[in-house]
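Each chain is listed here by its residues.
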Amino acid sequence: VSTQSTWEAVVSTQSTWATAEPPAKKTKCASTALTVTFGATERAVVGSELPNVELRYRSDGSVVKVQTHDLLRDKTAVLFFVPAAYTPTCSTKHLPGFLASADALREAGVDFVGCVSVEHSFVMEAWGKEHGTGFDGPVAMLADGNGELTDRLGLIDDRRPKAMLFKSRRSCLVVRDLRIERLTVDPSGSFGDTSAESVLEWFAAQS
């Protein structure tokens, strides 16, 4: 898994302000180029360590930054990655399935369940509220805004043909004390191996 995730971007229209190195003042950029480069060349594997990167969430009206290792050290955790908030499968199956299974997952020994998406923390907060959860709820809503964790895990999905830029592949990890014990990825357009039901079946098979 790559240890470096690189974003290089120049985004502009006639009314867009672009900044590179922290400039003395804002300057208009005349081009309309968009270049984004991610560093991962292969997918994470079972047994590897979860990358230590920053995620964000909203709590009590503020944006909170947290490192994945600080969040999950000494815990058994399930992190499921969704392509986008508010989209049909994510909103009607993936997130609701983990909410409905939260108690069963805890009975199976899971200390933490998190929903991760390449979204802004405000988006994740609002989407979570619609489903009755938040960071301190049964499923923590976590924003991987720049896609760094998603990239380091090799899960970036190029959605530019659908005008969605870069998102996460629908995937799910079981992490125990920062080590990846299970990693499943659903093929594009399908849903099943990353579901809460699939995770529960896996835990049952381990006992």
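The structure under discussion appears in the preceding block.
Since we're looking at a predicted model, the values are computed, not measured.

Conventions used here
- Residues numbered from 1 in each chain as written.
- Predicted model: local features only at pLDDT ≥ 70, side-chain atom pairs only at ≥ 80, totals over all residues.
- Heavy atoms only, no water.
- Buried < 20%, exposed > 50% of the residue type's maximum accessible area, 1.4 Å probe, protein only.
- Helix = DSSP H or I, 4+ residues; strand = E, 2+ residues; numbered from the N terminus.
- Contact = heavy atoms within 4.5 Å.
- 1 Å grid on protein atoms, 1.4 Å probe; cavity = no way out; pocket = protein on both sides within 12 Å on 5 of 7 lines; lining within 4 Å.
- Points joined across faces, edges and corners; volume = space filled by probe spheres on them.
- Nonpolar A, V, L, I, M, F, W, Y, C, P; charged D, E, K, R; others polar.
- Polar contact = N/O pair within 3.5 Å; in protein donor to acceptor, adjacent residues only side chain to side chain.
- Phe/Tyr/Trp six-rings, centres within 6.5 Å; stacked < 30°, edge-to-face > 60°.
- Pairing = 2+ DSSP bridges.
- Salt bridge = Lys/Arg side-chain N within 4 Å of Asp/Glu carboxyl O.

1. With respect to helix α4 (residues 121-130)
Here α4 has its buried residues at Ser121, Met124, Glu125, Trp127 and Gly128. On the buried face of α4, the contacting elements are β3 (54-59), β4 (62-67), α2 (88-100), β6 (112-117) and β7 (140-143). Positive backbone phi, approximately 75°, marks Gly132, located one or two places after α4.

2. As for the layout of surface pockets
Counted as a void, the second largest pocket has a volume near 240 Å³. Here the lining of the second largest pocket is built from residues that sort into 2 nonpolar, 5 polar and 5 charged.

3. Re the side chain of His94
Of note, His94 is situated in helix α2. Polar contacts involving the side chain of His94 include one to the main-chain carbonyl oxygen of Thr194, which spans 3.0 Å. Residue contacts for His94: discarding those within four places in its chain leaves Phe80, Phe81, Val82, Thr89, Arg170, Ser171, Phe191 and Thr194.

4. Details of the packing of aromatic side chains
Evaluation of the coordinates by the stated rule reveals 5 aromatic pairs. Taking 4.0 Å as the distance between ring centres and 5° as the angle between the ring planes, the aromatic pair formed by Phe80 and Phe98 counts as stacked. Linking Phe80 in strand β5 (residues 76-81) with Phe98 in helix α2, this pair joins segments that are 18 residues apart in sequence. Taking relative accessible area as the criterion, Phe80 reaches 0% and is therefore assigned buried. Judged by relative accessible area, Phe98 falls into the buried class, the value being 0%. Geometrically, the ring pair formed by Tyr86 and Trp127 is tilted, given 6.3 Å between the ring centres and 45° between the ring planes. Pair noted here: Tyr86 is in the loop between β5 and α2 and Trp127 is in helix α4, with a separation of 41 residues, a long-range link. Here the aromatic residues Tyr57, Phe112 and Phe135 are joined through ring pairs into a cluster of three or more.

5. So, the pairing of β5
Counted residue by residue, β5 has 6 buried out of 6 residues, so it is predominantly covered. Of the two faces of β5, the one lined by Thr76, Val78 and Phe80 and the one lined by Ala77, Leu79 and Phe81 are each fully buried. Sheet topology places β5 next to strand β10 (residues 171-176); 6 bridges connect them, and they run antiparallel. Bridge pairing in β10 links Thr76 to Arg176.

6. What about the pattern of salt bridges?
Tallied over the full model, the rule gives 6 salt bridges. Among the salt bridges present, the one from Arg73 reaches Asp70, with a minimum N-O distance of 3.5 Å. Among the ionic pairs, Glu148 bridges to Arg152, the shortest N-O distance being 3.9 Å. Taken together, the residues span about one helical turn, with Glu148 and Arg152 both in helix α5 (residues 148-152) at a distance of 4 residues. A relative accessible area of 15% places Arg152 in the buried class.

7. Considering unusual backbone geometry
With phi around 70°, Tyr86 is a residue other than glycine that occupies positive phi space. Residue classification places Tyr86 among the partly exposed positions, given a relative accessible area of 40%. In the Ramachandran plot, Leu178 falls in the positive-phi region, its phi being about 75° despite a non-glycine side chain. Tracing the chain through its elements places Leu178 in the loop between β10 and β11 (179-185).

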